[in-house]
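Next come the chains, spelled out residue by residue.
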Amino acid sequence: MTVRTRFAPSPTGYLHIGGARTALYAWAYARHHGGQFVLRIEDTDVARSTPEAVQAILDGMRWLGLDHDEGPYYQMQRMDRYKEVIARMLEAGTAYRCYTRKEELEALRAEQEARKEKPRYDGRWRPEPGKTLPPMPADVAPVIRFRNPDTGSVAWDDLVKGHIEISNSELDDFIIARADGTPTYNFCVVVDDWDMRISHVIRGDDHVNNTPRQINVLQALGATIPCYAHLSMILGEDGQKLSKRRNAVAVTDFDDAGFLPEAIVNYLARLGWSHGDEEFFSREQFVEWFDLDHITASAAQFNTEKLDWLNQQYIKQATSGYLAAEAARRLALRGIDPEAGPPLEQLVVLYKDRVTNLNELADALTPFFVTPELSAPMLDAHLTVDARASLRALRDRLDRLVVAEWQKAALGQAIKETCIAQGVKMPQVAIPLRVVLLGQPQSPGIDAVLEVMGRDMVLARLDRVL
RNA sequence: GUCCCUAUCGUCUAGAGGCCUAGGACAACACCCUUUCACGGUGUGAACCGGGGUUCGAAUCCCCGUGGGGACGCCA
């Protein structure tokens, strides 16, 4: 059997992080088995679906590197097919028209809730041998309901949750087509998964309750039942359901926050799935290792600190070319011309071990492009009379180095000699020097900073305060 | 309310009856490295929700509680 999985988002907003993980697992499962990954857009909610959201989903998936083999299919373009199947079901008696008004339904629900019962349709329009249906109202456009089996139970072996069995008496005859004739979600999914020959339905566990209904429809259609794997949800850092208000949820939020897509993929892979003690692995390794047996059945809490750590690992091993390009993009976003300073590829090497995300990288690089403001407290704290004397001595020594000699070793030597001559320790020169050059007392090795910053900028910034 | 799912360090997790005086990672803390800050290295503390069974033996299997989550739409 060829493995065929799908990701079926509804385009009502961004690709959020939970959806991204579902997509990642479905993608990885197909790739692992050399099967196909199908993208299907579930846009039957015309009121809430937008083309912008479709684009956001496509962009998010591309950013994460989740390529699909088929699709995107759009449910709105498959209406004829759904209607054809519904007509067949009507004919076969596995579906029927229901003329109950919405108000009647509401009253029924209220009644049931008052009796503390599970709200459900009571089957008043369900045809039974020997049963007299209610008089047909002339002014009601009927919906179409699925005739759910009323005895026995539905069971499946969920690849994540294990055996699940639900009694048919829990299920009511749900609506498969609205009064306006458009089919509903639980029905479209079934037809699509069937038509698209999906072998493994990998989706969020909020669909567990839909599964028995869908299996019943599949059975009524004489279709083969796919395997199901229901993934638990991702909770926010506070243990609450993820929400746009409190959490970064859209994958683009993570791009904006300076995360690498590889880090997100690695993090998501590990959030709810494991391969022994492995924590840091490539996309290729993930595909090779991925299986459904090691998916956690319970909900996982999102943890930014661990994501930060992973992101840092990916930055450390990223090429300077990649980091330079990202730094340039992010500097430009701040209105800084990335060409108007030292070569980014050199700068980035100095900082790649010291930042946890790409925005921090851009922050760290900014003083090489924009002369930093030196606050009065900063000056008072670091540029003491003694410090100024040392810096003046250093400045004169540096001035004697020509551009060709402006190299890390010689610069380090110049600082050391200055320290000896002035009778001070290294930090007493290095710290104020950092403040003058970068506006902050911490930096990579000061000799390396001097080298990359270049003779002109270094001397100019020293002269500014001396 | 009814039904379904779920429960190991603060967090992500390893764990498929004896390998568990429960392992790894993030975070925390300590020390080392160091011209600063990081990085890196070494180490420390930290968990099987509660109660009953089953078994020679249970973190692992079963039941009951409890906590958490989900579903109950002419949304998806």
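Residues numbered from 1 in each chain as written. Chains lettered and ligands numbered in written order. Predicted model: local features only at pLDDT ≥ 70, side-chain atom pairs only at ≥ 80, totals over all residues. Heavy atoms only, no water.

A. Summary view of empty space enclosed by the protein. Within this structure, the stated rule accounts for one cavity of 30 Å³ or more. Considered as a void within the structure, the largest cavity measures approximately 50 Å³ in volume. Along its surface, the largest cavity is lined by Arg-21, Tyr-25, Leu-231, Ser-232, Met-233, Gly-272, Ile-295, Thr-296, Ser-298, Ala-299 and Ala-300. For the lining of the largest cavity, the class distribution of residues is six nonpolar, four polar and one charged. (1 Å grid on protein atoms, 1.4 Å probe; cavity = no way out; pocket = protein on both sides within 12 Å on 5 of 7 lines; lining within 4 Å. Points joined across faces, edges and corners; volume = space filled by probe spheres on them. Nonpolar A, V, L, I, M, F, W, Y, C, P; charged D, E, K, R; others polar.)

B. Main features of the packing of aromatic side chains. Within this structure, the stated rule accounts for 16 aromatic pairs. Relative to Phe-286, the ring of Trp-273 lies with its centre 5.2 Å away and its plane at 80°, an arrangement referred to as edge-to-face. With Trp-273 in the loop between helix 8 (261-270) and helix 9 (283-289) and Phe-286 in helix 9, the pair connects residues that are 13 residues apart, well separated along the chain. This pair shows no difference in class: Trp-273 is buried, exactly as Phe-286 is. (Phe/Tyr/Trp six-rings, centres within 6.5 Å; stacked < 30°, edge-to-face > 60°. Helix = DSSP H or I, 4+ residues; strand = E, 2+ residues; numbered from the N terminus. Buried < 20%, exposed > 50% of the residue type's maximum accessible area, 1.4 Å probe, protein only.)

C. Structural view of the protein's contact with RNA strand B. By nearness alone, 63 residues border RNA strand B, and Asp-45, Lys-116, Arg-178, Arg-354 and Ser-443 come closest of all. Here a sugar or linking oxygen of RNA strand B and a side-chain polar atom of Asn-209 are 3.1 Å apart. Across the surface near RNA strand B, the residue classes break down as 20 nonpolar, 19 polar and 24 charged. (Near = heavy atom within 4 Å. Polar contact = N/O pair within 3.5 Å; in protein donor to acceptor, adjacent residues only side chain to side chain.)

D. Examining unusual backbone geometry more closely. In this model, Gly-71 is joined to Pro-72 through a cis peptide bond whose omega is 0°. For Lys-116, which is not glycine, the phi dihedral falls at a positive 60°. Judged by its relative accessible area of 77%, Lys-116 falls in the exposed class. With a phi close to 50°, Arg-197 is a non-glycine residue in the positive phi region. Its location among the elements puts Arg-197 in the loop between helix 5 (185-195) and strand 9 (200-204).

E. Focus on the nonpolar core. In terms of nonpolar packing, the biggest core is built from 102 residues, with Leu-365 and Leu-398 touching the most fellow members. Those residues in contact with Leu-398, other than ones at most four positions away along the chain, are Trp-406, Leu-411, Ala-414, Arg-455, Val-458, Leu-459 and Leu-462. Among the nonpolar cores identified, the runner-up in size contains 31 residues, and Ile-166, Phe-187, Ile-198 and Val-208 belong to it. (Core = buried A, V, L, I, M, F, W, Y, C linked by side-chain atoms within 4.5 Å. Contact = heavy atoms within 4.5 Å.)

F. Geometry of the pattern of salt bridges. Scanning all chains against the criterion turns up 37 salt bridges. Two residues, Arg-40 and Asp-193, come together in a salt bridge whose shortest N-O distance is 2.9 Å. In this pair, Arg-40 sits in strand 2 (residues 36-41) while Asp-193 sits in helix 5, placing the two residues 153 residues apart along the sequence. Relative accessible area serves as the criterion here: at 8%, Asp-193 is assigned to the buried category. Taken together, the salt bridges that share partners define one network made up of Arg-6, Arg-40, Glu-42, Arg-78, Arg-81, Glu-84, Asp-192, Asp-193 and Asp-195. (Salt bridge = Lys/Arg side-chain N within 4 Å of Asp/Glu carboxyl O.)

G. Quick peek at the environment of Tyr-228. With respect to the helices and strands, the residue Tyr-228 is situated in strand 10 (residues 227-231). Among the residues examined, Tyr-228 registers a relative accessible area of 3% and is labelled buried. Separated by 69 residues in the primary sequence, Tyr-228 and Leu-159 have C-alpha atoms spaced 6.1 Å apart. With near-sequence residues (within four places) excluded, Tyr-228 lies in contact with Trp-156, Asp-157, Asp-158, Leu-159, Val-201, Arg-203, Thr-211, Ile-215 and Leu-218.

H. View of the pairing of strand 5 (residues 143-146). Burial along strand 5 is two-sided: the face carrying Val-143 and Arg-145 and the face carrying Ile-144 and Phe-146 are both buried. Where strand 4 (residues 95-98) and strand 5 come together, four bridges link them in antiparallel fashion. For Tyr-96, the partnering residue across the bridge sits in strand 5 and is Arg-145. Alignment of strand 5 against strand 8 (residues 175-177), held across two bridges, turns out to be antiparallel. Looking at the pairing, Arg-145 lines up with Ile-175 of strand 8. (Pairing = 2+ DSSP bridges.)

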